[in-house]
Amino acid sequence: MHWTFVSTVSVYADNGTPGQRADTAPLREPVAEDVEHSTDAIYGAAKVACEQAVGNDAFICRAGLIVGPEDPTGRFAYWPARLVRGGEVLAPGSPDDAVQFIDVRDLAQWIVHAAEIGLTGIFDGIGPIRTRGELLAECAGALNPSCKFTWIDRAFLDAHDVRRWAGPRSLPMWLPLPDFAGFMTRDTSPAREAGLISRPPSVTARDTRSWLRTSNGPVVGLTEDEEKAVLAAWHANKAS
């Protein structure tokens with residue numbers, strides 16, 4: 001019998017240190033059964049407790065940010081939906097900032113592969129580290145090469161109530177640095193050596209856009225008017 005448990009990178013106690021590995025990174029304290037907190041507060045700690053319950057003779061896959069077609073969060077979908085329109089695109093932070101995610105189809109294929117070969121151990125199920133500049137440029141090349149990126153720093157975005165990561169008025173997949181410098185820079189070489197293969201981001205972006213077009217799937221982030229307002233404020237500030 002082979003057991004698989006899909007966990008999460010939210011089990012880790014340290015999100016600030018880049019390059020951590022699943023076999024050595026410190027974990028959160030497992031949540032006690034009688035502790036009452038909000039779901040967000042105990043999510044990672046509860047997953048640690050679940051991992052301990054599953055035991056060491058299983059395949060434990062700590063998934064990172066999952067993206068691709070049929071994503072109900074509308075998070076990654078913001079970028080294909082925005083890039084296909086072309087023109088001036090508001091990009092958060094620096095083009096050198098790291099990003100890391102996994103296409104849901106690659107994650108699923110690897111989980112099935114692990115079951116077929118009886119793989120055991122603890123792995124981070126995430127794609128390779130890329131820079132945000134590389135990611136957006138590659139996705140734009142597949143969707144609309146006319147995109148021109150305007151990079152705006154965290155302080156200005158914060159001052160104009162542009163939010164991070166997900167949700168209304170956000171720029172998805174953007175996290176504050178250095179607080180989360182380790183969240184999107186995990187060393188996933190053990191997973192790659194164990195068979196995890198990641199398709200190019202351009203393919204994920206193109207397929208996500210096709211899914212959005214045929215299904216009217218969710219897109220969450222800055223509206224077109226909100227983006228234009230922030231860009232206008234940025235250019236006005238630079239000109240003053």
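To be clear, the structure that these remarks concern was listed above.
Topic: the sheet that holds strand β2 (residues 59–63)
Read from one edge to the other, the open sheet built from three strands follows the order β1-β2-β7, with strand pairing classed as parallel. If you trace the sheet from one side to the other, it starts and ends with β1 (4–8) and β7 (121–125), each paired once. On average, each strand axis in the sheet is inclined to that of its neighbour by 25 degrees, with strand direction left out of account. The sheet contact formed by β2 and β7 spans five bridges and is parallel.

Some points on the packing of aromatic side chains
Two aromatic rings, taken as a pair, are described by how far apart their centres are and by the angle between their planes. This model, assessed by the stated rule, comprises nine aromatic pairs. Taking the centre distance of 5.9 Å and the plane angle of 50 degrees together, the rings of Phe59 and Phe123 count as tilted. Of this pair, Phe59 sits in strand β2 while Phe123 sits in strand β7; the two residues are 64 residues apart in sequence, bridging distant segments of the chain. For Phe123, a relative accessible area of 11% puts it in the buried group. Seen from their ring centres, Trp165 and Phe183 are 5.7 Å apart, and the 85 degrees between their planes marks the pair as edge-to-face. On the criterion of sequence distance, the pair formed by Trp165 in strand β10 (residues 163–165) and Phe183 in the loop between β11 (170–172) and α6 (189–193) is long-range, its members being 18 residues apart. Here Trp165 and Phe183 have matching classes, each one buried.

With respect to unusual backbone geometry
For the peptide bond that leads from Leu177 to Pro178, omega is 5 degrees, which places it in the cis range. Of note, Pro178 is situated in the loop between β11 and α6. Of note in the backbone geometry, Arg169 takes a positive phi value of approximately 55 degrees without being a glycine. Checked against the element boundaries, Arg169 lands in the loop between β10 and β11. A positive phi is found at Asn216, a non-glycine position, where the angle reads about 60 degrees. You can see Asn216 is positioned in the loop between α7 (201–215) and α8 (224–239).

Reading the values: the criteria
- Residues numbered from 1 in each chain as written.
- Predicted model: local features only at pLDDT ≥ 70, side-chain atom pairs only at ≥ 80, totals over all residues.
- Heavy atoms only, no water.
- Pairing = 2+ DSSP bridges.
- Helix = DSSP H or I, 4+ residues; strand = E, 2+ residues; numbered from the N terminus.
- Axes fitted to C-alpha atoms, helices over the stretch in contact; angles between N-to-C directions.
- Phe/Tyr/Trp six-rings, centres within 6.5 Å; stacked < 30°, edge-to-face > 60°.
- Buried < 20%, exposed > 50% of the residue type's maximum accessible area, 1.4 Å probe, protein only.

So yeah, pure geometry; function would need other evidence.
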